[in-house]
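Residue-level structure breakdown
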Amino acid sequence: MTNRKALIAGNWKMYKTGPQAAELATRLKSLVSDVTDVDIMVAPAFTALGVVAEILKGSVIHLGGQDLFWEVEGAYTGEISAPMLKAAGCTYVIIGHSERRQYFGETNATVNKKIRAALLEGLIPVMCIGESEAERESNQTFSVVQKQLEEGLQGLTSDEAQKLTLAYEPVWAIGTGKTATTDQAQEVHEFIRKRVETAFGNSVANTIRILYGGSVKPENISDLMAMADIDGALVGGASLDADSFAAIVRF
Ligand code: PGA
């Protein structure tokens, strides 16, 4: 990390009912109330956004959605739009998480549409990219990540790209307890930043935050954050416990 302000984001996935999410948010809010040098975001399930937004009002913790649909409104049963997230109190939205790509048919093309919809509404997209285990083993890590970036960000201007946060999450490290080594992560982060520079110029590349995700824990966060191109973390499992997430925030 250099002079970019770190972002530690918690992805609660399909965990926590409204009351459980309220309890977690209340505890977290008190544990990190004095933190100003790191940006903090949590992304609860849609059903918990309202109650968590109330609790986090006036706190240092930002709220995020876990996904959205690109249309503003309409007959799209089961979907949530960018204006709905915004009105619920979100400032961020996770887009293209590997679980959405794997189980719900998300593609680079749908990621692109969702990023545009988020930006139109002034939400900060946290765009997730990363290779599977088979892709890493067959030396395709860089080509996969490059394609995800090119297609996911296709047609964006530098001004739009400036507003993004990226998250590199090697699929084989998500929820598996296997973290990428700091060198493995740094190598891909550096590559991503170079691709951003080629596509959007030096100033976007120098300011864009690139988070690492995949089995981040209190025990490994400081080594990851010591790497030049790692600007924060997208945390799944360890964000479901207030103490461990607060410990990560205080890397
Ligand atoms: P994990 O999940 O921390 O449980 O590996 C990370 C993520 O999916 O964002």
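Residues numbered from 1 in each chain as written. Predicted model: local features only at pLDDT ≥ 70, side-chain atom pairs only at ≥ 80, totals over all residues. Heavy atoms only, no water.

Brief notes about the packing of aromatic side chains
In this description, an aromatic ring pair is defined by two values, namely the gap between the centres and the angle between the planes. Tallied over the entire structure, the rule returns five aromatic pairs. Their ring planes at 35° and their centres at 4.4 Å tell us that Phe 69 and Trp 70 sit as a pair that is tilted. On the accessibility criterion, Phe 69 (14% relative accessible area) is buried. Its relative accessible area of 25% is what places Trp 70 among the partly exposed residues. A centroid spacing of 4.9 Å and a plane angle of 50° characterise the contact between Phe 69 and Tyr 76, whose relative ring orientation is tilted. Taken together, the aromatic side chains of Phe 69, Trp 70 and Tyr 76 make up a single cluster linked through ring pairs. (Phe/Tyr/Trp six-rings, centres within 6.5 Å; stacked < 30°, edge-to-face > 60°. Buried < 20%, exposed > 50% of the residue type's maximum accessible area, 1.4 Å probe, protein only.)

Description of the pattern of salt bridges
Following the criterion strictly, the structure yields 17 salt bridges and no others. Notably, a salt bridge pairs Asp 229 with Arg 193, separated by 2.6 Å at the nearest N-O pair. Of this pair, Asp 229 sits in the loop between helix H11 (221–225) and strand E8 (232–235) while Arg 193 sits in helix H9 (residues 182–200), and the two are 36 residues apart along the sequence. Residue Asp 229 shares its accessibility class with Arg 193, and that shared class is buried. The residue Arg 193 makes a salt bridge to Asp 231 at a minimum N-O spacing of 2.7 Å. Of this pair, Arg 193 sits in helix H9 while Asp 231 sits in the loop between H11 and E8, placing them 38 residues apart in sequence. Note on Arg 193: relative accessible area 7%, which makes it buried. Looking at Asp 231, the relative accessible area reads 0%, which means it is buried. Residues joined in a network through salt bridges with shared partners are Arg 4, Arg 193, Asp 229 and Asp 231. (Salt bridge = Lys/Arg side-chain N within 4 Å of Asp/Glu carboxyl O. Helix = DSSP H or I, 4+ residues; strand = E, 2+ residues; numbered from the N terminus.)

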